[in-house]
Amino acid sequence: MTATSVPAESAAGHPDPYRFVDSQTNPDKLIQALELRGRTPAQARLRRRFLSMLRLRRGERVLEVGSGSGVVLRDLAAAVGDRGEVVGIDPSARAVAFARRLSRGREHRCIKVRVGDGMHLPFRTPRFDAALAVTVVLHVADPETLVREMVRVVRPGGRVGLQDQDFGTLAVTHPDRELTDRILDGVVHHIYEEPHSGRRLPGLLRAAGLEDVRLRTDVYQDTELEPYTKAFLERRAELGVRFGLVDAPAAQRWLDGFTALVAARAFVMTINFYGAVGIKPTGALGTKPSGALGTKPARARRG
Ligand SMILES: C[S@@+](CC[C@H](N)C(=O)[O-])C[C@H]1O[C@@H](n2cnc3c(N)ncnc32)[C@H](O)[C@@H]1O
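Thresholds applied
- Residues numbered from 1 in each chain as written.
- Predicted model: local features only at pLDDT ≥ 70, side-chain atom pairs only at ≥ 80, totals over all residues.
- Heavy atoms only, no water.
- Near = heavy atom within 4 Å.
- Polar contact = N/O pair within 3.5 Å; in protein donor to acceptor, adjacent residues only side chain to side chain.
- Areas by Shrake-Rupley, 256 points an atom, 1.4 Å probe, with all protein chains shown as cover.
- Helix = DSSP H or I, 4+ residues; strand = E, 2+ residues; numbered from the N terminus.
- Nonpolar A, V, L, I, M, F, W, Y, C, P; charged D, E, K, R; others polar.
- Buried < 20%, exposed > 50% of the residue type's maximum accessible area, 1.4 Å probe, protein only.
- Contact = heavy atoms within 4.5 Å.
- pLDDT = per-residue confidence, 0-100.

Draft legend 1. How the structure looks around the site of the ligand. What surrounds the ligand is a group of 21 residues, the closest being Glu64, Gly66, Asp90, Asp117 and Gly118. Contact distances for the ligand include 2.8 Å between a nitrogen atom and a backbone N or O atom of glycine 118. Protein chains shield 97% of the accessible area of the ligand, which is 590 Å² for the free molecule. Secondary-structure elements contributing two or more residues to the shell around the ligand are helix 1 (27-39), strand 1 (61-65) and helix 3 (71-80). For the shell around the ligand, the residue count by class is 10 nonpolar, six polar and five charged.

Draft legend 2. Fine view of the side chain of threonine 135. Looking at where threonine 135 falls in the secondary structure, it is placed in the loop between strand 4 (128-134) and helix 5 (143-152). A relative accessible area of 8% places threonine 135 in the buried class. One polar contact links threonine 135 to arginine 37, side chain to side chain, over a distance of 2.6 Å. Apart from the residues within four sequence positions on either side, threonine 135 is in contact with Arg37, Gln163, Asp164, Gln165 and Phe273.

Draft legend 3. Expanded view of the confidence of the model for the chain. Looking at the chain, the pLDDT average stands at 90 and 89% of residues meet or exceed 70. Low confidence marks residues 1-10, where pLDDT is under 50. Its contacts with residues over four positions away, or in another chain, come to 27 contacts. Low confidence marks residues 286-303, where pLDDT is under 50. Its contacts with residues over four positions away, or in another chain, come to 30 contacts.

Following this line, the structure appears as structure tokens:
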């Protein structure tokens, strides 16, 4: 392992709160929101279906890039057991401290969490059997570099996996369609460089030279307005006001519309989560020129 590094990019004024968590006014709230999302049963189910694509075995070494509150790390620990190793990397020192606190139990002994940047992973050699990033690609400026780094630290024959939601697939019931689009579309285009990152994941893995890339699309569905969904919509309303897309009374009217739908048992929100996993070739790694996303790479020669 080499020395820890953190993103060199400036945090000043970046609209995506998960780009630089520790520079936000409310980092602990952001980290708790990740834990709330991760524990929401429908989210836990779709995360575990994605993790099953990695085919983790007892005793394996696995790296999670962008480990946040550690909710994924704890699932990984259950998969590899105490003879395995689970390493989490996150640039947020607050998130790392939070994840360490929640992984103190005996069953989490194999978990190690440290501060670091996915763009410069602090490992010299390909020491992992698998590496993954869950809802991280959406938040980084250069997903190609992130994936290249993940591939570098995985052994030949090892697996690299990405899971991300795709905001182009967010569907929600509301009587005021125009207001809903103004807030939801407006906010994502303010925050993210690529709000449709989910559907790009297989292309990203192939462009990094991975083989046998598989895709699984899952849907987060909520008809009850779960606490996580409610917090998500409230945050969208708050950001809609902050970015000048709507005024505060319109944002409140928008939120009240959801409350009325729940009372009428007519609330529905869905969003697609894309999970993609590829294998690092055992021969020389074939690289693709950037801009070739979504095309099938030539297979790397073996031996
Ligand atoms: C939406 S959270 C996902 C956390 C966790 N994977 C989960 O699913 O609950 C995104 C995480 O990526 C981290 N992150 C942001 N930029 C990063 C980078 N350059 N390298 C690694 N992680 C990064 C953030 O600090 C945050 O913890």
